[in-house]
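These are the residues of each chain, in order.
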Amino acid sequence: MIDFSELPFQSDDLEELKELDINFVFQPIFDTKNLEIIAVEALMRPKGMTPLELIDEYQKKKKLHVIEIATCFGSTMEYKKRGYNYDICINSFPSEYLNEGQMGLYFEHFPEMEGKIIVEMVEYTELSRRKWKVKKEEISGHDMRLALDDYSTGNNNIYAVEYFNPQYVKFDRSMITDIHMDKDKQDRIDELVEEFKEKGIKMIAEGVETEEEFNYIRDNTGIEYVQGYYLARPN
């Protein structure tokens, strides 16, 4: 489990973080054509509950900011412990951000992460336009990139693409499962690939779990990257 006590936080932040019993695993994201790893996604693993259960608990307590801080710092601590050098996708809430002091502390403690972070905007919390404005400035000011997670679920739809203007869109598993034999899914993906390419957005197919799904995506779509159990499970 992550030991946040080794970080130079102010006492209030540190006490809240120390209440969390979490760790992180990582799932690679591959180039569709040559299967080179281009990034890893950090996935939170709380003890004794699911990530969504922990998020729901902290949302009810109006403490989502604690999860935001823990995810950013904790995933990077585990990433460094493993000796990774890939880009890293870090899940983030559209309703939360690191304040100026916390962001400064992050890059003071992890200066080598400049240019490696992809902020992955999750779909299951509401948007705060005020907080997004701050987050957007942080992303552009620290050479970070933005990805929209689980496209087609929750709040992550074409309107979110227009609003957030991400560099990456991740197609949800629901759009990918059995795509090799589902004409409706094939047509929908074709439409989105064309639209996103016009916008200069790179695409990631999530939830690729079979050889047939992977082969179809590789041979019949312009999706640049793939992620899923067929290629690698979270570890």
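Not measured: the values here are computed from a predicted model.

**Q** What am I meant to see in the layout of surface pockets here?
**A** Empty space left among the atoms is revealed by rolling a probe the size of a water molecule over them. When its volume is computed, the largest pocket comes out at roughly 750 Å³. Looking at the lining of the largest pocket, the elements that each hand over two or more residues are strand E1 (22-31), strand E2 (37-46), helix H2 (51-60), helix H3 (64-81), strand E3 (87-92) and strand E5 (145-151). At four residues, E2 tops the list of elements feeding residues into the lining of the largest pocket. Its residues assigned to classes, the lining of the largest pocket comprises 12 nonpolar, seven polar and 10 charged.

**Q** What is the right way to look at the nonpolar core in this model?
**A** Core analysis: the largest hydrophobic core is formed by 68 residues, its most contacted members being Phe-73 and Phe-171. No other element matches the nine residues that H3 contributes to this core. Excluding residues that lie within four positions of it along the chain, Phe-171 makes contacts with Tyr-151, Ile-176, Ile-189, Leu-192, Phe-196, Met-203, Ile-204, Ala-205, Glu-206 and Ile-223. Formed by eight residues, the second largest nonpolar core is a distinct cluster that contains Ile-29, Ala-39, Cys-89 and Ile-118.

**Q** Teacher, can you tell me more about the packing of H2 against H3 here?
**A** Two packed helices can be described by the angle between their axes and the distance between those axes. For the pair H2 and H3, interaxial distance at closest approach is 7 Å and the crossing angle is 135 degrees. Accordingly, the angle class assigned to the pair H2 and H3 is oblique. Counted together, Leu-54, Ile-55, Tyr-58 and Gln-59 of H2 and Leu-64, Val-66 and Ile-67 of H3 form the full contact between these two elements.

**Q** Just to check I follow, could you spell out empty space enclosed by the protein for this structure?
**A** Applying the stated criterion across every chain yields a total of one cavity of 30 Å³ or more. Here the largest cavity defines a volume of roughly 180 Å³. When grouped by side-chain class, the residues that make up the lining of the largest cavity number 11 nonpolar, three polar and three charged.

**Q** Looking at this structure, how should I read the sheet that holds E3?
**A** Sheet strands line up and pair through hydrogen bonds in the backbone, either parallel or antiparallel. The sheet built from eight strands closes into a barrel, its strands ordered E1-E2-E3-E4-E5-E6-E7-E8 with mixed pairing. Where strand E4 (residues 117-121) and E5 come together, four bridges link them in parallel fashion. If you follow Ile-118 over to E5, its bridge partner there is Arg-145.

**Q** Please explain H3 as it appears in this structure.
**A** Note on helix geometry: an α-helix contains 3.6 residues per turn, so any two residues three or four positions apart are oriented the same way. Compared with an ideal rise of 1.5 Å per residue, which puts 18 residues at 26 Å, H3 spans 25 Å between its outermost C-alpha atoms and is within 8% of the ideal. Among the 18 residues of H3, 15 are classified as buried, and the element is accordingly described as predominantly covered. Positive phi shows up at Gly-83, right after H3, with a value of about 75 degrees.

**Q** What am I meant to see in the pairing of strand E6 (residues 168-171) here?
**A** Residues in a regular strand point their side chains to alternate faces of the sheet. Both faces of E6 are covered, namely the face carrying Tyr-168 and Lys-170 and the face carrying Val-169 and Phe-171. In this structure, E5 lies alongside E6, joined through three bridges in parallel fashion. In the strand pairing of E6, Tyr-151 is matched with Phe-171. As judged from the four bridges shared by E6 and strand E7 (residues 202-205), these two strands associate in the parallel manner. Considered in E7, the bridge of Tyr-168 is made with Lys-202.

**Q** Would you mind showing me how to read helix H9 (residues 211-220) here?
**A** Of the positions making up H9, those classed as buried are Glu-213, Phe-214, Tyr-216 and Ile-217. The buried residues of H9 occupy one face: seen down the axis, they fall within an arc of 165 degrees. Against the buried residues of H9 lie helix H7 (173-176), helix H8 (183-199), E7 and strand E8 (225-226).

**Q** Is there a simple way to think about the pairing of E4 in this case?
**A** Extensive coverage of E4 is indicated by the burial of five of its five residues. Burial of the side chains of E4 extends over both faces: Ile-117, Val-119 and Met-121 are buried on one face and Ile-118 and Glu-120 on the other. Inspection of the sheet shows E3 paired to E4 by five bridges, in the parallel sense. Residue pairing for E4: Asn-91 is matched across the bridge by Glu-120. A crossover links E3 with its parallel partner E4, the connecting element being helix H4 (residues 100-109), and its sense is right-handed.

Thresholds, definitions, all that
Residues numbered from 1 in each chain as written. Predicted model: local features only at pLDDT ≥ 70, side-chain atom pairs only at ≥ 80, totals over all residues. Heavy atoms only, no water. 1 Å grid on protein atoms, 1.4 Å probe; cavity = no way out; pocket = protein on both sides within 12 Å on 5 of 7 lines; lining within 4 Å. Points joined across faces, edges and corners; volume = space filled by probe spheres on them. Helix = DSSP H or I, 4+ residues; strand = E, 2+ residues; numbered from the N terminus. Nonpolar A, V, L, I, M, F, W, Y, C, P; charged D, E, K, R; others polar. Core = buried A, V, L, I, M, F, W, Y, C linked by side-chain atoms within 4.5 Å. Buried < 20%, exposed > 50% of the residue type's maximum accessible area, 1.4 Å probe, protein only. Contact = heavy atoms within 4.5 Å. Axes fitted to C-alpha atoms, helices over the stretch in contact; angles between N-to-C directions. Parallel < 35°, antiparallel > 145°, perpendicular 65-115°, else oblique. Pairing = 2+ DSSP bridges. Expected span 1.5 Å × (residues − 1). Arc of directions from axis to C-beta. Right-handed = clockwise from strand over helix to strand, strands pointing away.

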